[in-house]
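An overview of the molecular structure
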Amino acid sequence: MKQQTHLQPFVNSIDSLFIELLEDLCKPAIGRTWLQKVVNLLKQVLSARNISLFTLIDNLTVFANNDSDFLDNKIINETTDKTNEPYWFKQCYVVPLSVEGRLIINWDDVPDDSEIKKFNYIFSLLSVSLENRADLISKENNISYDFSFEKMQEIFGKNNDLRSQIPLVAKEIATSLNVSRCQVKFFTQDVNPVFDTLLSSEYVTGRFVDAISVIPSIEKEWLQKIQSGEMLILDQKQNHFLQNIESLLSIQSILGFPLRYKENIIGAIVLHQCDYERTWKYDEISYIRKVALLLSIVAGKEIEFNKKLALDAVDLNTGLIHPEQFLRELNRAQIEAQVKKSCFSLVMVDIEKLKDINLKMGFVAGNLVLSQTARYLKRLFGDLYKIARYNNDEFVIILNEADQHKAKAAAEKLKEHLSNVSVLGIGTIEYNFSFVTFPVHTDSIAELLTLLEQSMILSKSRGKFQVTSFDEIKDKSKSSWQKLLDFAIPEIILKKSSLKTGPEIIETINKQVAEFGKRKTYSADILDSVQSLALALDAKDSYTEGHSNRVAEYAYLLAKELGLDSQEIEWIRLAASMHDIGKIGIPENILCKPGKLTKDEYEIMKKHPVIGAKILKPIKPLEKVATLVLNHHEYWDGAGYPNGLAKNEVPIGSRIVSVVDAYQAMTSNRPYRPSLQFEEAIKRLREGREKQWDPELVDLFIKIVS
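Residues numbered from 1 in each chain as written. Predicted model: local features only at pLDDT ≥ 70, side-chain atom pairs only at ≥ 80, totals over all residues. Heavy atoms only, no water.

Some thoughts on the overall build of the protein
Defined as follows: Counting from the N terminus, the helices are the DSSP runs of H or I reaching at least four residues and the strands are the DSSP runs of E reaching at least two. The buried label applies to any residue whose accessible area, calculated with a 1.4 Å probe on protein chains only, is under 20% of its type's maximum; exposed applies above 50%, and partly exposed to all values in between. Only heavy atoms enter the contact rule, under which two residues are in contact if any of them lie within 4.5 Å.
A count of helical and extended segments in the protein gives 26 helices and 19 strands. Looking at the 706 residues of the protein, the share that counts as buried comes to 50%. At a minimum sequence separation of 6, the contacts of the protein that also span at least 24 residues come to 63%.

Below is the structure:
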């Protein structure tokens, strides 16, 4: 009788709708249709203007709205940690529904508390109904997971090689669990293992391709835990990921599961969720555990077998000498040269941006580039010399009885022929070249390879299709060139990163800067090396190639015309040449975006002056330059960044760089627009005087360029 009294307000007013709602709540169903019908009925029964129902188990949100802007996406995220009791959020009444979701209601005329309490019975029924629905989903998922597991067994049952099977497995896992990205990663079997890029694969849901970014310093930390055999679950709630925006971009939750074979961790399955903070459920983890066991057995046996064949095998992608066999050939060449008192040379060929091709177009595209390059090398030198796959994107040719002149001629021949290499669907491939000679440069094989790599680093810092010999960077004094090898910032950074932009580079730079901090003296080589890093960054981006040099030239002219002393002019010239060095810490999908940046992307881009200052400031001779770089985007009216300085608060050098940088940018082709005509650029400078730029500097610069 009590229950009937409690229901009376609903039954008297909209009894038929309420009865229909009760019937639906008693028969929950999987999918959006049932949820949508329930929400539509709730809207009428509760006399609401707008209503939304979010379910956590399948990440569905359904609406019954009069106002399309009703649901602020922040509501779902903001309410995640709230109490289980209903509460108000802005103009919305939020009802947590057990652990499976929440109901969000908006009224034209907000009922008083006593009226809202009358709805609690409906809310409790809805909560129970969603729990029953969750059980149905869980049972269906288990059936789906069993079917998915059978599909994987079929994939491995076919007579295909493991490298063609792993991408199919990654896609099946991502599809079955509806995740943003699934990575299946394997470690190399070295003393210091890294990811085997040829065997590892990933599948990214289409709409998240540009959103996902994890920097290696963060990734390495939790992969080390996986290597120790732990399952790892991370999400945005952990303070570790909220320290700065560079640490984690767009990923809300991560599940990492180790792949174990014969007590060894051979790899990991890593799942990323981008669009919400996912709670990884027991049945999902059980599915991953089962898949990991299958994958570990299949891949483990394959890896073990390949390891036994490694000593005699050639590189599978290119048919060239395997790296281990290459070292044996190199030792043989050393012995022959010593016996005959002759020489031999090494020529290195580096494929530019192969990592980017693999990431953006997949490993199939990268393998096409490798195989096409290998064919050219074999065609040119295969009958005369040994050719080896040195690492992922580099080849080395052993030129027996070849001195420096022959080595240079061979490198130039390669440059001429490889300039015509084009791969279908990818376009023209770019290369760089270096060479060294035994025993002219060193009689140690280990040092010879180091010098070869350092020469390549110098080639890459100069741009594309460059040929460099170690003679160009060594000094008569061995101790002098050895210091350059050990401490030259851009060379070391280039070696580790191939100047890949993105936040991952900052950690590497900071380590190198720390090395400088231990030294008491700084040579001109150090300053030149740091400056070449900025120029190398320029060379990687076809839209801004040469930009830093031209800005430095204009800044020098303006500072000189202003009558500043020679030391101040030199600081300003250096700051202008390095003003964009911080962009090496900006993700490439933002730095090279062809369209206009979003608000969030622009906020990330605005970090580059701070990053640049952090790179330069620890190097004592560049402290003044670091300050000028930090402030080169401050405005005359105080509306700039990062600190909102105004007028003479902004150092004169920063104000000079700001004017000339803007002019150079306006008169250059950009990803999102063609270059402006001279007259239009001058017009915009005049419009921005006393707003963005120092009016005196604008007038003086216009006088110079006119």
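Examining the sheet that holds strand S3 (residues 87–89)
Worth spelling out the cut-off: At least two DSSP bridges between two strands are required for those strands to pair. Where helices are involved, their axes are fitted lines through C-alpha atoms of the stretch in contact, as for all axes, and angles between N-to-C directions lie from 0 to 180°.
The five strands are arranged S2-S1-S5-S4-S3 in an open sheet whose pairing can be described as antiparallel. The sheet is open, and its two borders are formed by strand S2 (60–64) and S3, each paired with just one other strand. Geometrically, the sheet is characterised by an average inter-axis angle of 25° between neighbouring strands, direction not taken into account. On the sheet, helix H2 (residues 32–45) packs against strand S1 (50–55), S2 and strand S5 (101–106) and is oriented at approximately 35° with respect to S2.

Quick word on helix H26 (residues 695–705)
Filter applied, for reference: For the purposes of these results, a polar contact is taken to be a pair of N or O atoms within 3.5 Å, where, inside protein, one atom must be able to donate a hydrogen and its partner to accept one; residues adjacent in sequence count only when each atom of the pair is a side-chain atom.
The set of residues buried in H26 consists of Pro695, Leu697, Val698, Leu700, Phe701 and Ile702. N-cap assignment for H26: the residue whose side-chain oxygen lies 3.0 Å from the backbone N of Glu696 is Asp694.

Thoughts on the sheet that holds strand S14 (residues 386–391)
Taken together, five strands build an open sheet; the order of strands is S14-S15-S13-S18-S19 and the sheet is mixed. With one partner strand each, in any of the chains shown, S14 and strand S19 (467–469) form the two edges of the open sheet. When strand polarity is set aside, the average angle formed by the axes of neighbouring strands in this sheet is 20°. Two elements, S14 and strand S15 (residues 394–400), share five bridges in a ladder whose sense is antiparallel. Across the sheet, residue Ala388 finds its bridge partner in S15, namely Val396. Against the sheet, helix H12 (residues 404–418) contacts strand S13 (344–351), S15, strand S18 (431–438) and S19, and its axis sits at roughly 165° relative to S18.

Focus: the confidence of the model for the protein
For clarity, the cut-off: Values of pLDDT, ranging from 0 to 100, describe the predictor's confidence in every residue of the model.
Of the residues in the protein, 73% have a pLDDT of 70 or more, and the chain-wide mean is 76. Below a pLDDT of 50 lies the segment residues 1–7, which in the model reaches five contacts outside its immediate sequence neighbourhood of four places, other chains included.

Overview of the pairing of strand S12 (residues 264–273)
Burial of S12 is extensive: nine of the ten residues sit out of reach of the surface. Here six bridges tie strand S6 (residues 181–186) to S12, and the two strands are oriented antiparallel to one another. By the bridge assignment, Cys182 is partnered in S12 with Leu271. When strand S11 (residues 253–261) meets S12, the two strands line up antiparallel, connected through nine bridges. In the strand pairing of S12, Tyr261 is matched with Asn264. Hairpin connection of S11 to S12: two residues between the antiparallel strands, including Lys262 at a positive phi of 50°.

Quick look at the packing of helix H24 (residues 652–666) against helix H25 (residues 678–688)
For the record, the criterion: With the far helix as reference, a near helix turned anticlockwise by less than a right angle produces a left-handed crossing, and one turned clockwise produces a right-handed crossing.
At a minimum axis distance of 10 Å, the contact between H24 and H25 shows a crossing angle of 145°. The handedness of the crossing between H24 and H25 is right-handed. Note on element contacts: H25 touches H24 through Phe678, Ala681, Ile682, Arg684 and Leu685, opposite Val659, Tyr663 and Met666.

Observations regarding the pattern of salt bridges
Filter applied, for reference: The salt bridge criterion pairs a side-chain nitrogen of Lys or Arg with a carboxyl oxygen of Asp or Glu, the two atoms within 4 Å.
Applying the stated criterion across every chain, the model contains 13 salt bridges. The residue Asp350 makes a salt bridge to Lys460 at a minimum N-O spacing of 3.8 Å. A residue pair is termed long-range when its members are at least 10 positions apart, and Asp350 in strand S13 and Lys460 in helix H13 (residues 445–462) qualify at 110 residues. Residue Lys460 is classed as buried on the basis of its relative accessible area, which comes to 8%. Taking the shortest distance from any N to any O, the salt bridge between Asp699 and Arg689 comes out at 2.8 Å. Taken together, the residues span a long stretch of sequence, with Asp699 in helix H26 and Arg689 in the loop between H25 and H26 at a distance of ten residues. Of the residues examined, Asp699 reaches a relative accessible area of 39% and is grouped as partly exposed. Several salt bridges converge on common partners, so that one network encompasses Glu20, Asp24 and Lys37.

Brief notes about the pairing of S18
Of all eight residues making up S18, eight are buried, and the element is well covered by its neighbours. Neither face of S18 is open: one carries Tyr431, Phe433, Phe435 and Thr437, the other Asn432, Ser434, Val436 and Phe438, and all of them are buried. Two elements, S13 and S18, share eight bridges in a ladder whose sense is antiparallel. Considered in S18, the bridge of Asp350 is made with Asn432.

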